[in-house]
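# Analysis of the macromolecular model
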Amino acid sequence: MGFDYLGLSEDLLTIVEESGYTTPTPIQAKAIPATLQGRDILGIAQTGTGKTASFTLPMIDILSQGRARARMPRSLILEPTRELATQVSESFEKYGAKSKLTMALLIGGVAFKDQEQKLDRGVDVLIATPGRLMDHMQRGKVMLNGVEILVVDEADRMLDMGFIPDVEKICQAMPQKIQSLFFSATMPKEIKRLTDKFLKDPKEIEVAAPASTAQTITQRLCMVKGGEKEKRDALRQLLKSEKIKNAIIFCNRKSVVKILAKSLAVHGYSVGELHGDMVQSIRTETLAKFKNDEIQLLVASDVAARGLDIPDVSHVFNFEIPNNPEDYVHRIGRTGRAGRKGSSFTLTSPAEKKNLSFLHKFLGKEIQLHELPGQAPVQATERPAPAHKKNTPKKNTPEKKPSNNSADVAPSATQKENTEKAPQTKEQSKNKNKPNRHQKSEPVIGMGDHMPAFLLSYEPLNDKKD
Ligand code: AMP
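Now for a quick tour of the structure. (Residues numbered from 1 in each chain as written. Predicted model: local features only at pLDDT ≥ 70, side-chain atom pairs only at ≥ 80, totals over all residues. Heavy atoms only, no water.)

Looking only at helices and strands, the protein has 18 helices and 14 strands in total. Of all intrachain contacts in the protein linking residues separated by at least 6 positions in sequence, the fraction that spans at least 24 positions is 76%. Of the accessible surface of the protein, which amounts to about 22000 Å², a share of 51% is contributed by carbon and sulfur atoms. (Helix = DSSP H or I, 4+ residues; strand = E, 2+ residues; numbered from the N terminus. Contact = heavy atoms within 4.5 Å. Areas by Shrake-Rupley, 256 points an atom, 1.4 Å probe, with all protein chains shown as cover.)

A word on the sheet that holds strand β12 (residues 315–318). Spatial ordering of the open sheet is given by β10-β11-β9-β12-β13-β8-β14, a layout of 7 strands whose pairing is parallel. Both edges of this open sheet fall to β10 (271–274) and β14 (368–369), since each of them pairs with a single strand only. Examined bridge by bridge, strand β8 (residues 217–223) and β14 share 2 bridges and lie parallel to one another. Note on β14: the bridge partner recorded for L221 is L369. (Pairing = 2+ DSSP bridges.)

This brings us to the nonpolar core. Most often, soluble globular proteins have nonpolar side chains that are buried together. Residues F55, L57, M59, I77, F92 and I127 are the most contacted members of the largest nonpolar core, which totals 34 residues. At 6 residues, helix α3 (residues 51–63) tops the list of elements feeding residues into this core. In this structure, F92 is in contact with T56, M59, I60, I77, A97, M103, V125 and I127, ignoring residues within four places of it in sequence. In terms of nonpolar packing, the next biggest core, distinct from the first, is built from 32 residues, A104, A128, V142 and I191 among them. (Core = buried A, V, L, I, M, F, W, Y, C linked by side-chain atoms within 4.5 Å. Buried < 20%, exposed > 50% of the residue type's maximum accessible area, 1.4 Å probe, protein only.)

With that out of the way, let us pick up the pairing of β12. Burial of β12 is two-sided: the residues H315 and F317 facing one way and the residues V316 and N318 facing the other way are all buried. Pairing analysis gives 4 bridges linking strand β9 (residues 247–251) to β12, with the strands arranged parallel. When the sheet's bridge partners are listed, I248 is paired in β12 with V316. By the bridge criterion, 4 bridges tie β12 to strand β13 (residues 342–348) in an arrangement that is parallel.

Moving on to the packing of aromatic side chains. Describing an aromatic ring pair means giving the distance of the ring centres and the angle of the ring planes. This model, assessed by the stated rule, comprises 3 aromatic pairs. Both rings, one in F55 and one in F183, keep their centres 5.3 Å apart while their planes meet at 40°; by these two values the pair is tilted. One end of the pair, F55, is in helix α3; the other, F183, is in strand β6 (residues 179–184), with 128 residues separating them in the sequence. Its relative accessible area of 0% is what places F55 among the buried residues. With a relative accessible area of 1%, F183 lands in the buried category. Here R139 stacks its cationic end above the ring of F112, 3.8 Å away from the centre of that ring. Positioned above the aromatic ring of F319 is the side chain of K231, whose terminal nitrogen or guanidinium carbon lies 5.6 Å from the ring centre. (Phe/Tyr/Trp six-rings, centres within 6.5 Å; stacked < 30°, edge-to-face > 60°. Lys NZ or Arg CZ within 6 Å of the ring centre and 35° of its normal.)

With phi around 60°, R71 is a residue other than glycine that occupies positive phi space. The residue R71 is located in the loop between α3 and β2 (75–78) in this model. For R71, a relative accessible area of 28% puts it in the partly exposed group. Located in the positive-phi region is D293, a residue other than glycine, with phi close to 65°. Looking at the element boundaries, D293 is found in the loop between α12 (280–291) and β11 (297–301).

Quick look at the structure:
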């Protein structure tokens, strides 16, 4: 779909074309028509998703009717930093090149006088940081009772920077009947409180971070030979070997969510489940418990996953490769949010070969392989190395434990190839003769060799339910 169907004016379509945009980004496709219809917007999106154009373009068309009065801006865009405010003003200049709209930028570090002169002449669009705007308000140089559209951009950064009380005061100074657009990369409870208070039946739009910007997320792929039982074993190994604060484990089907959650509970994990079959009150309660760290693991389906607002998840596990590769980006985007570090592990079995190659095509690269603990002489915490070299055990490494467990992880064709070709990493060669906790001399406790009896009877029972 091109821009033609979004309802923008001919002038804007020309500008968009001149900017070299051929297809609207997901947030633009959803936010532009809704904004033009006068709806409030709650956009969960971060920089790089094209969100600036998603609010500036419709604003230009909406504001093209009407005139600005002295000191009474017709629209206000709040940005947390001077840099962002300046960037948005540049976008406005670019997209508004064919319009007669006037604009003022109120940021710190610039003389008040110039800003006041602009305000006196009347502006259609006021772009400001909260502190400087409050200063002007207190001096009586700007009044917000003429504002028709309010944009609060990067709300979670405003929170981090301590601007929320100012933002709230500014929102309270607005007329009752305004159109409000809120954008935030995450939805911590303080922002939720604000949006609940000031937005009227908003259109909620959530877009995943673009794959290229999710650089704070480590992505790993674990090949598991067998079916769901083996995957559950593998998952528990990861849960033991990783330093997990909290984690969301995604499954493709509700039935798998239920079984996995039960299985983890039997194994003593603090776990909750979230899927579309549950009543809303329980979903809300489970989510609240997860957010408050009352439960550590949340097993969820994709339906329940969208719209989750958990700001700080240390790990995401994909128990299965999603059928829709875009969901992979959504899922892993639940960790590593707002610049924090996050880890994601995707478990895959040979039956998912098709989905895996589809996913790799979508990502434009292969996810780096990760050997499950107890299987490989290389530890997962090693310094990053090129995908084809990292975590690749030497074929027939003498230390490798020839236990039942070794059948749990099957090298894929690619893995085998890499295993045969890849030279040892520096670290591997250095540590060649050092004992490793995954080596035979120090077997992993609690997994494989030490499988409790109750578990063995539990698993097949549940497997039948699939
Ligand atoms: P933003 O998320 O608003 O900071 O935008 C990120 C970058 O994407 C900016 O450099 C925009 O110029 C660019 N951009 C915005 N919309 C589109 C589009 N539909 N197609 C291609 N690039 C875009």
